[in-house]
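Coordinates in review
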Amino acid sequence: MSEPPADAETFLAATDTLAALRPELSLLEAGILAGLHLGLAGDSRSFARIFGVEHALVLRAVEGLAGAALLTVTARDGRTQRTRYAASAAGTAVLTALAA
């Protein structure tokens, strides 16, 4: 049995750190970045399922992060709207602060 990539405490600490670094982000947006950084979710459906958030809200937050150039949308399923994403160069720079 493999270990989960991160526990709830680590996720919440990363989310709080990102929210403090980028106060213009909503907590959901910071959580999406934290989840990506910790390897918890790299797509909207997985994030919504893991954290019990409506998929539509996650999609809206992903679009906001893409608009802020922190995420790059890498694929989107037209039927389910599942959106896969990766950190952009600017997003990677923000996530680097978590590792420091």
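Look above for the structure.
Residues numbered from 1 in each chain as written. Predicted model: local features only at pLDDT ≥ 70, side-chain atom pairs only at ≥ 80, totals over all residues. Heavy atoms only, no water.

The next thing to look at is the nonpolar core. Membership of the largest hydrophobic core comes to 26 residues, with the highest contact counts inside it found for Leu 18, Ile 32, Leu 33, Phe 47, Leu 65, Leu 71 and Tyr 85. Among the elements of the structure, helix H1 (8–21), helix H2 (27–37), helix H3 (44–51), helix H4 (55–67) and helix H5 (89–99) are those that each provide at least two residues to this core. With sequence-adjacent residues up to four places away left out, Leu 71 is seen in contact with Ile 32, Leu 33, Leu 36, Val 62, Leu 65, Ala 66, Tyr 85, Ala 86, Ala 87 and Ser 88. (Core = buried A, V, L, I, M, F, W, Y, C linked by side-chain atoms within 4.5 Å. Buried < 20%, exposed > 50% of the residue type's maximum accessible area, 1.4 Å probe, protein only. Helix = DSSP H or I, 4+ residues; strand = E, 2+ residues; numbered from the N terminus. Contact = heavy atoms within 4.5 Å.)

Where H2 contacts H4, the axes come no closer than 9 Å and their chain directions differ by 80 degrees. Between H2 and H4, the angle is such that the two are roughly perpendicular. The segment H2 lies against H4, with Leu 28, Glu 29, Ile 32 and Leu 33 engaging Leu 57, Val 58, Ala 61, Val 62, Gly 64 and Leu 65. The class makeup of the residues in the contact of H2 with H4 is 8 nonpolar, 1 polar and 1 charged. (Axes fitted to C-alpha atoms, helices over the stretch in contact; angles between N-to-C directions. Parallel < 35°, antiparallel > 145°, perpendicular 65-115°, else oblique. Nonpolar A, V, L, I, M, F, W, Y, C, P; charged D, E, K, R; others polar.)

In this model, H4 (13 residues) spans 18 Å end to end at C-alpha, consistent with the 18 Å of a helix rising 1.5 Å per residue. Those residues of H4 that fall on the buried side of the exposure criterion are His 55, Val 58, Leu 59, Ala 61, Val 62 and Leu 65. Mapping the buried residues of H4 onto a view down its axis gives an arc of 165 degrees, with all of them on the same face. Those residues of H4 that are exposed and angled more than 90 degrees off the buried face are Arg 60 and Gly 67. Considering only its buried residues, H4 is in contact with H2, H3, strand E1 (71–76) and strand E2 (83–87). Looking one or two residues beyond H4, the residue adopting positive phi is Ala 69, at roughly 65 degrees. (Expected span 1.5 Å × (residues − 1). Arc of directions from axis to C-beta.)

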